[in-house]
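# Observations on the model geometry
The lines below spell out each chain.
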Amino acid sequence: MQPTRRNVPALPPEDRTLSPYTGYGRAHWLALADRLLTDVHRFASPSGARIALPGRPSVSGTDSDQLEGFARTFLLLAFRTAGCGGAAPAGLLRSYAEGLDAGTDPGHPEAWPALAQECRQTLVEACSLAVGLHLTRPWLWDQLPDAVRERIVDWLQGVWGLRIPDNNWHMFRVIVGEFLAGVGAPHDRAVMAGDLARIEEFYVGDGWYRDGGDARTADNFDHYNSWALHTYPLLWALMAGEGTGRRAGRLAVFAARLRRFLADYALFFGADGAPVHQGRSLIYRFAAATAPWMGALVDATPLSPGQTRRLASGALRHFVDRGFRDRNGVATLGWFGPFPPLVQDYSGPASPYWLGKAFLGLLLPADHPCWTRPEEPLPVERADQVRALPAPGFVLSATRADGLVRLVNHGSDNHATVDQASGGRAPGGAVRGGYAPARADGDPHYARFAYSTATGPHHAQDASHRLQSDNHAALVHPQLGLSRRTRIHRLHVQDRYAASWHRPVWPGQADTAARIETASVVWGAYELRVHLVEATRRLPLHDSGWQVAGERPPRCRTAGHLAEATTDDGLTSTFVSLAGHDELAVATAQGTSAFGRHAAVPYATGRRAAERTVHVALIGLTGRGGEAAPPRMRCAVEGAAVTAVFPDGTRVFVALGGPVPQSPVVDGVPLTGPVRYARLSPGEEPVLVPGPGR
C-alpha cells in the first residue's frame, strides 16, 4: 500500500546513508516524541493532572480516560527524559510534577479516581506512572515535596486487593509493587509473587505467552507478547535490580524467552514497516516494536543493531507517513485515520498513547550500535520465507517480491474473554481472583483464517453486511446469516501446514453439532485451503478470501472458477475454486476495513447435497511486484483427502476427518502408514505428518 500522506509532522532531514531503508535515526524519534508530547499537552487541564482529549469515552468513564491521558503520555515523556540525561521539552517535567500533585490530592477538583475496584482501569495507568517515576527518579521523584510523594504512595496502595482480569494485568500490580518497594513504601510481596507465578503459567514455549485464560478454553496470542508480556517482566527485573535477590535469576529466563520470541517476531513486519494486523488494541500501532527495542536494551536479541532499528523505524514511519494523528496532532482511535469498529470498549480517546512504549528505544544511549550502525534488511526483504509457529498456532508466509507477510491462523481465537471494564463479575462468576470465561461471538481480529501486513478483517457495520466476511468458512442460515468461528480446536501445525476445527455458531443461539475442519497449506503468496463440513445438508457453505481496501473502489472481476479484487495500489485478493463451490462473486462494501473506505472480498458459495462435504480453494494475496496470476495447479479430491500439484512440482496431500488414509499414493508416489499431511518438493526431503488427528 502506497502511503497517503496526512498530517505528517515536521521532522529532521532523512539520513539515507545511516538508514537506507527508512531515512530515520535517533533525531527523528526524538523529534516525533517531542511533537506528540507538545501537541497532546495542549489538552492538559489547568492543574496538569488530566489530559482531556475529545472523543467517545471508554466504558471506564471520562475521569479514568483523562487519567489515562496523563499516565500514558507521562510514560512517553519518561522514555524521552531518561534517554537524554534528564532533558525534556521545555516545561513538561514541571507540568507533570504539578499534575502528580493535583491528581493525588483528594480535595483537588481535578483529582484522579481512586485506584479501586470501582474503576480498576486505574491499575493500568498506575503501572505507567510507576515505570515513569522510576525512570525519571533523579529529575522528578527526588525533587517532589515529601507531602506529594506521600500522596502518590497512598494512591498507589490501592493496587492491593483488586480483582483483576486474568491476563497481562498481573504484571501491572507487580510493577507498581516494585516501585513502592524501591522508594521504601509498604508493598505486598506475597501478592506480587502470586502475580508473577500466574504470568509463568501463561508461558507456552518458543518465546510465546498466552495472554491469560485457560488453554482448555482459550488461546489468546497477539502483539501483547511484544508490548506487554515480554516488556513488563523485563522492566520489573530491571527495576528490582541486581543483588536484591528478588529477581533470583529471572532476568536470564525472561531474556532467553525474549531472544527466542524475536527470532520469529521479526517476520511479523512487512517491507513497508507494517506489523501484521491481528489481535486486539491495534490502536497502539507501532508499539509492536517495543519487544525488539527491549531485546537490544537487555542484550537479549538475535537481531543485529541495524536490523533492530530498521524494524522499529520502519514501523514508526509506516504510520507517520500514512497519518495516525488528527488535525490537532492527536493520535486517533484507528489504524491510520479513525476507525471505530477497530476499537474495544475499554479504549478511550487517550488509549492510543500506549504507542509511547515504542520509544523505549530512546533508553539506548546515542552511541549505542542500534543508533550508529547502518540499517539492515528485514527477513521479508532478504528472501521468501515460510515458518510454522506451533506455540501460537500460526504459519507465516513472507514474499520478498511484494514485501507482504501473511499469517495463517489455526490457534489464536480469544474465545474465552474476561470482563475488561468494570468491577462486576463476568458470566460464570469469579475465578482465580479474576473473572470466568464467556463465549465471544467470533472476534474479527482473532477468528479469521488469515491476517496480513496489508489487510484488515471485515467489520460488519449493519445488518446488510451479515452475509459478508473475509478469510472465513461459514454455514449460511436463511434468517441468521453467516455462522461464526469462535473456539479454534488445533489439530496440527508443521512445515507449511496447519489444521484446526470449529463449531459454527450464530450470535445468541445455542451451540450446534455442526463441525467445520480446515487445513491450510502455504505456497508463497497463496494458501491451499480445504474444508470438511459436517452439517445438515440444507445449509450451504460461504467460503471467502482476503478483504482488500482503498480510498477508491477496488477493481473486481470473476471468470470461471476465479474471483478477484485489486486496489489502485496493486494489492490483489484472489479466490480460485478447486472443488465444492457453485458460484463465485466479489462482495463490495464501504466502511468495513481499517485500510480504506472502499473494500472488496472475493468469495464462493457451495450448495451441499450431503451432510459431509469437502470444499477446496486457492486463496491468494499479492502486492505490486508479486505474481499477478494465480499458479496453475492440479487438484484431486478422494473422500476427505485432497492431492494438489503446484507448478514447481511440489505435491501436497491433506487428509481431513477420519479415518486417516493408510499408505496413500500421492500423484504416483506411495507413502507408508497413516498420513494426515505430506509435502513432496523437488530436491527436498519429504515431509510427513502421520495420523491420527481426530
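These numbers were taken from a predicted model, which means no experiment stands behind them.

### Here we look at the side chain of histidine 445
Within the secondary structure layout, histidine 445 lies in the loop between strand S7 (438-439) and strand S8 (450-452). Separated by 3.5 Å, the side chains of histidine 445 and histidine 459 make a polar contact. Ignoring any residue separated from it by four or fewer positions in sequence, one finds histidine 445 in contact with His277, Gln278, Gly279, Leu282, Leu342, Tyr451, Pro457 and His459.

### Quick notes on the nonpolar core
Core analysis: the biggest nonpolar cluster contains 143 residues, and Trp236, Phe268 and Phe359 have the highest contact counts within it. The next biggest cluster of nonpolar side chains, apart from the first, holds 27 residues, and it includes Val614, Ala640, Phe646 and Val652.

### Digging into the confidence of the model for the chain
On average, residues of the chain score 93 in pLDDT, and 94% of them reach the 70 mark or higher. Here residues 417-438 is modelled with pLDDT under 50, and outside its nearest four sequence neighbours on either side it reaches 56 contacts, counting other chains as well.

### A closer look at the sheet that holds strand S23 (residues 634-638)
What the five strands build is an open sheet, ordered S23-S24-S25-S28-S29; its pairing is antiparallel. Where the open sheet ends on each side, the last strands, each with one partner, are S23 and strand S29 (687-690). The average undirected angle you get between the axes of adjacent strands in this sheet is 10°. When strand S25 (residues 651-655) meets strand S28 (residues 675-680), the two strands line up antiparallel, connected through four bridges.

### Here's the deal with helix H11 (residues 290-297)
The buried count for H11 comes to seven of eight residues, which makes it a mostly enclosed element. Those residues of H11 lying buried are Thr290, Ala291, Pro292, Trp293, Met294, Gly295 and Ala296. The elements touched by buried residues of H11 are helix H1 (26-41), helix H8 (224-229), helix H9 (231-240), helix H10 (250-265), helix H12 (305-322) and helix H13 (369-372). Trailing H11 by a residue or two, aspartate 299 shows a phi angle of about 55°, which is positive.

### Quick look at empty space enclosed by the protein
Under the counting rule described, the total for this entry stands at four cavities of 30 Å³ or more. Empty space within the largest cavity amounts to approximately 120 Å³. The wall of the largest cavity is formed by 15 residues, among which Val124, Trp169, Tyr224, Tyr284 and Tyr346 lie closest to the centre. Elements supplying a minimum of two residues to the lining of the largest cavity: helix H2 (62-82), helix H4 (121-135) and helix H6 (169-182). For the lining of the largest cavity, the per-class residue count stands at seven nonpolar, five polar and three charged.

### Observations concerning the environment of valine 521
Inspection of the secondary structure puts valine 521 in strand S13 (residues 515-523). The exposure class assigned to valine 521 is buried, which follows from its relative accessible area of 2%. Residues in contact with valine 521, not counting those within four places in the same chain, are Arg496, Tyr497, Tyr526, Glu527, Leu528, Val652, Val654 and Tyr677.

### A few points about the side chain of aspartate 413
Here aspartate 413 shows up in the loop between strand S5 (404-409) and strand S6 (416-417). A polar contact is formed between the side chain of aspartate 413 and the backbone nitrogen of isoleucine 488, at a distance of 2.9 Å. What aspartate 413 contacts, discounting residues up to four positions off in sequence, is Ala218, Asp219, Asn220, Tyr446, Thr486, Arg487 and Ile488.

### Digging into the packing of aromatic side chains
As enumerated under the stated definition, the model contains 37 aromatic pairs in all. Note on phenylalanine 70 and tyrosine 96: the rings are 4.9 Å apart at their centroids and 50° apart in plane angle, and the pair reads as tilted. In this pair, phenylalanine 70 is assigned in helix H2 and tyrosine 96 in helix H3 (residues 92-103), connecting sequence segments 26 residues apart. Judged by relative accessible area, which is 0%, phenylalanine 70 ranks as buried. Take tyrosine 96: its relative accessible area is 1%, and that puts it in the buried class. With a centroid separation of 4.3 Å and 5° between ring planes, the pair formed by tyrosine 497 and tyrosine 677 is classed as stacked. One end of the pair, tyrosine 497, is in strand S12 (residues 497-502); the other, tyrosine 677, is in strand S28, and 180 residues separate them in sequence. Each member of the pair, tyrosine 497 together with tyrosine 677, is buried.

About the thresholds
Residues numbered from 1 in each chain as written. Predicted model: local features only at pLDDT ≥ 70, side-chain atom pairs only at ≥ 80, totals over all residues. Heavy atoms only, no water. Helix = DSSP H or I, 4+ residues; strand = E, 2+ residues; numbered from the N terminus. Polar contact = N/O pair within 3.5 Å; in protein donor to acceptor, adjacent residues only side chain to side chain. Contact = heavy atoms within 4.5 Å. Core = buried A, V, L, I, M, F, W, Y, C linked by side-chain atoms within 4.5 Å. Buried < 20%, exposed > 50% of the residue type's maximum accessible area, 1.4 Å probe, protein only. pLDDT = per-residue confidence, 0-100. Pairing = 2+ DSSP bridges. Axes fitted to C-alpha atoms, helices over the stretch in contact; angles between N-to-C directions. 1 Å grid on protein atoms, 1.4 Å probe; cavity = no way out; pocket = protein on both sides within 12 Å on 5 of 7 lines; lining within 4 Å. Points joined across faces, edges and corners; volume = space filled by probe spheres on them. Nonpolar A, V, L, I, M, F, W, Y, C, P; charged D, E, K, R; others polar. Phe/Tyr/Trp six-rings, centres within 6.5 Å; stacked < 30°, edge-to-face > 60°.

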